[in-house]
Amino acid sequence: MNQIDVIIIGGGVSGLMCARELSDAGKRVAILERQSLAKESSWAGGGILSPLNPWRAAEPITQLCRWSQAAYPHLAEALKSSTGIDPEWLLSGLLFSDCQELGIAKAWADTHATRYESMNPTDLAGIEPNIRPKAGSPLLLPDIAQVRNPRLLRALRTDLARRGVQLLERHPVDHIEIEKGRAVSVIANHQTFTAQDFVVTAGAWSGLVAFNSGLPELPIMPVKGEMLIFQAPPGLLQHMVLSEGRYLIPRKDGKILAGSTIENAQFNKGTTEVAFEALNAFAISLLPALRHCNIEKHWAGLRPGSSDGIPTIGPHPDVSNLYFNCGHFRNGFVMAPASAKLLANHVLQQSPIVSPEPYLPTAKP
Ligand SMILES: Cc1cc2nc3c(=O)[nH]c(=O)nc-3n(C[C@H](O)[C@H](O)[C@H](O)COP(=O)(O)OP(=O)(O)OC[C@H]3O[C@@H](n4cnc5c(N)ncnc54)[C@H](O)[C@@H]3O)c2cc1C
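Reference entry: report on the structure contained in this document. This one's a predicted model, so the numbers in the text were calculated from it and none came from an experiment.

## Comments concerning the environment of Ala-113
Here comes step 1: Looking at the element boundaries, Ala-113 is found in the loop between helix H4 (102-111) and strand S4 (117-118).
Here comes step 2: Of the residues examined, Ala-113 reaches a relative accessible area of 68% and is grouped as exposed.
Here comes step 3: Considered as a pair, Ala-113 and Leu-139 are 26 residues apart in the sequence and their alpha carbons are 16 Å apart.

Shown next, in the form of structure tokens:
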């Protein structure tokens, strides 16, 4: 085992992006992942690079989203050229086919310098002829993009391996050993791993890692989300479309994702017939042609839920070399680059990209 400066616990998008940031700064990094890398929430998500209704997001979420949205095109390009894997960053725009909060949405967009196009039903039919919107006002945010999660994650993994980051899969961390206010090692597979700094990016399981290490449990709870993917012909849908809290996401190859449910199922991520029927009915009512398309897959993931959706990022108040980057709930993909950068700012003692206070573990109830 080579010498390690920073151990990262959990290899989802949060852990992988933190590893990339820290390795960029010359740190020797290892990720300890209890199973295979990036198979939990990060794999399961939709890859929309925005909160679903951005005007409802708390300002600290908006701050991280905006930083990340600006960073994503370059990140996707850099990963593609270093690994040959295209994360499919795609500027498909986010279309609200029947927005019920037009006034609030426009006011938010104006104060946040966000471009929008509010349109009438004829305009809507012009850009998305195949959808059947409900009553409401169509609104397009044309600058919202998506990525294809599994591809971005594969590219990150390949990029990290090339950089010499140690990717230790099937290494479930049992607990962190803490002595006199400092983390000294982690125990995984009955082995001891030491480092100078430790970062917990264990998604919905982050609270358990803290608790098993004798620290107060973090207020992070699993929130199940189920999704379907349809084998649709390319061109059936151009934009990501949101209606009544659910969405369709068209991928580059034509496949269309339908999501998602919000369920409290503890750590059970089994799929249910009820969710399947609800997502299928939603998808067909919005885009009737999907009735004739095969459903390729139905899956569920556990979002790292937190009461306000604001992630926990920063050092533990009582353990100075133990950091957290977790609790991103529904927006972990869009916030990932900024969260990783902010986390790295803490570890590297740099000035932070955004004001760090709202995210500190101490700021959490
Ligand atoms: C259905 C669905 C749709 C979503 N859509 C979007 C979207 O469109 N846009 C968006 O921005 N976000 C979306 N999200 C949310 C987003 O996916 C998550 O917020 C994000 O992936 C969280 O990443 P993470 O790395 O923190 O957690 P995870 O991806 O869950 O990774 C945590 C990792 O830690 C590992 N781990 C846990 N315990 C231990 C341990 N003791 N030792 C070692 N490893 C451990 C796990 O195995 C896992 O690999 C969606 C989520 C779901 C479920």
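Here the narrative resumes.
## Side note on the sheet that holds S4
Here comes step 1: One open sheet holds the eight strands; their spatial order is S4-S5-S3-S12-S13-S14-S11-S15, and the pairing between them is mixed. Two strands lie at the open edges of the sheet, namely S4 and strand S15 (294-305), each paired on one side alone.
Here comes step 2: Relative to strand S5 (residues 137-141), S4 runs antiparallel, the two sharing two bridges. Bridge assignment links Ser-118 to a residue of S5, and that residue is Leu-139.
Here comes step 3: Contacts between H4 and the sheet are confined to strand S3 (94-99), S4 and S5, with S5 contributing the most and set at about 20 degrees to the helix.
Here comes step 4: Taken strand by strand, helix H8 (residues 273-286) contacts S3, strand S11 (221-231), strand S12 (240-243), strand S13 (246-250), strand S14 (256-259) and S15, and its axis lies near 50 degrees from that of S11.

## Re the pattern of salt bridges
Here comes step 1: All told, the structure shown has 18 salt bridges when counted by the stated rule.
Here comes step 2: A salt bridge links Glu-88 to Arg-151; the shortest N-O distance between them is 2.7 Å. Of this pair, Glu-88 sits in the loop between helix H3 (59-83) and S3 while Arg-151 sits in helix H6 (residues 149-163), and the two are 63 residues apart along the sequence.
Here comes step 3: In this structure Arg-151 comes out as partly exposed when scored by relative accessible area, which is 27%.
Here comes step 4: One salt bridge connects Asp-143 with Arg-115, and the closest N-O pair in it is separated by 2.8 Å. Here Asp-143 is found in the loop between S5 and H6, whereas its partner Arg-115 is found in the loop between H4 and S4, with 28 residues between them in sequence.

## Observations regarding the nonpolar core
Nonpolar side chains tend to gather and get buried jointly when the protein is soluble and globular.
Here comes step 1: By size, the foremost hydrophobic cluster in this structure holds 46 residues, and its most contacted members are Ile-8, Leu-16, Met-17, Ile-31 and Tyr-72.
Here comes step 2: Those elements that place two or more of their residues in this core are strand S1 (6-9), helix H1 (13-24), strand S2 (29-32), H3, H6 and helix H9 (332-347).

## A word on H6
Here comes step 1: With 15 residues, H6 extends 21 Å from end C-alpha to end C-alpha; this agrees with the ideal 21 Å at 1.5 Å per step.
Here comes step 2: For H6, the full list of buried residues reads Asn-149, Leu-152, Leu-153, Ala-155, Leu-156, Asp-159 and Leu-160. Seen from one end, H6 has its buried residues packed into an arc of 160 degrees, which puts them on one side.
Here comes step 3: Along its buried surface, H6 packs onto H1, S2, helix H2 (41-44), H3, strand S6 (166-168) and H9.
Here comes step 4: At the C-terminal side of H6, Gly-164 shows a positive phi close to 90 degrees.

## Topic: the site of the ligand
Here comes step 1: Close to the ligand lie 39 residues; Ser-14, Glu-33, Ser-42, Phe-329 and Val-334 are nearest.
Here comes step 2: Separating an oxygen atom of the ligand from a side-chain N or O atom of Arg-34 is a distance of 2.8 Å.
Here comes step 3: Contact with the protein chains removes 97% of the 1,000 Å² of surface that the ligand exposes when unbound.
Here comes step 4: For the shell around the ligand, the secondary-structure elements that each account for two or more residues are H1, H2, S11, S15 and H9.
Here comes step 5: Its residues placed into classes, the shell around the ligand shows 16 nonpolar, 18 polar and five charged.
Here comes step 6: There are two domains that each give the shell around the ligand at least three residues, and those are domain 1 (6-72 + 150-219 + 307-363) and domain 2 (94-143 + 221-305).

Rules used in this analysis
Every chain is numbered independently, its residues counted from 1 as its sequence is written. Where local features are concerned, this predicted model is filtered to residues with pLDDT of at least 70; where side-chain atom pairs are given and counted, the filter is 80 or more; whole-chain, interface and lining totals use all residues. Each side-chain value is worked out from all heavy atoms of the structure, with water and hydrogens disregarded. Comment: elements are numbered from the N terminus, with helices defined as DSSP H or I runs of at least four residues and strands as E runs of at least two. A simple rule labels every residue: compare its accessible area, found with a 1.4 Å probe on the protein chains alone, to the largest value its type can have, and call it buried under 20%, exposed over 50%, or partly exposed in between. A pair of strands counts as paired when DSSP detects no fewer than two bridges linking them. Only heavy atoms enter the contact rule, under which two residues are in contact if any of them lie within 4.5 Å. Throughout, an axis means a line fitted to C-alpha atoms (over the contacting stretch in the case of helices), and angles, computed between N-to-C directions, take values from 0 to 180 degrees. For this document, the term salt bridge refers to a Lys or Arg side-chain nitrogen within 4 Å of an Asp or Glu carboxyl oxygen. Within this scheme, the nonpolar core is defined by two criteria: the residues are buried Ala, Val, Leu, Ile, Met, Phe, Trp, Tyr or Cys, and they are joined through side-chain atoms within 4.5 Å. Working rule for helices: expected span equals 1.5 Å times residues minus one. Directions pointing from the helix axis toward each C-beta atom define the arc. For this purpose, a residue is taken to be near a molecule or strand whenever a single non-hydrogen atom of the residue falls within 4 Å of it. Two N or O atoms form a polar contact when they lie within 3.5 Å of each other; inside protein one atom must be a possible hydrogen donor and the other a possible acceptor, and for residues adjacent in sequence the pair counts only when both atoms belong to side chains. Accessible areas in this description were obtained via Shrake-Rupley with a 1.4 Å probe; residue shielding takes into account the shown protein chains only. Amino acids outside the nonpolar list (Ala, Val, Leu, Ile, Met, Phe, Trp, Tyr, Cys, Pro) and the charged list (Asp, Glu, Lys, Arg) are all regarded as polar, and Gly is one of them. Annotation comment: domain bounds sourced from an automatic or database domain assignment.

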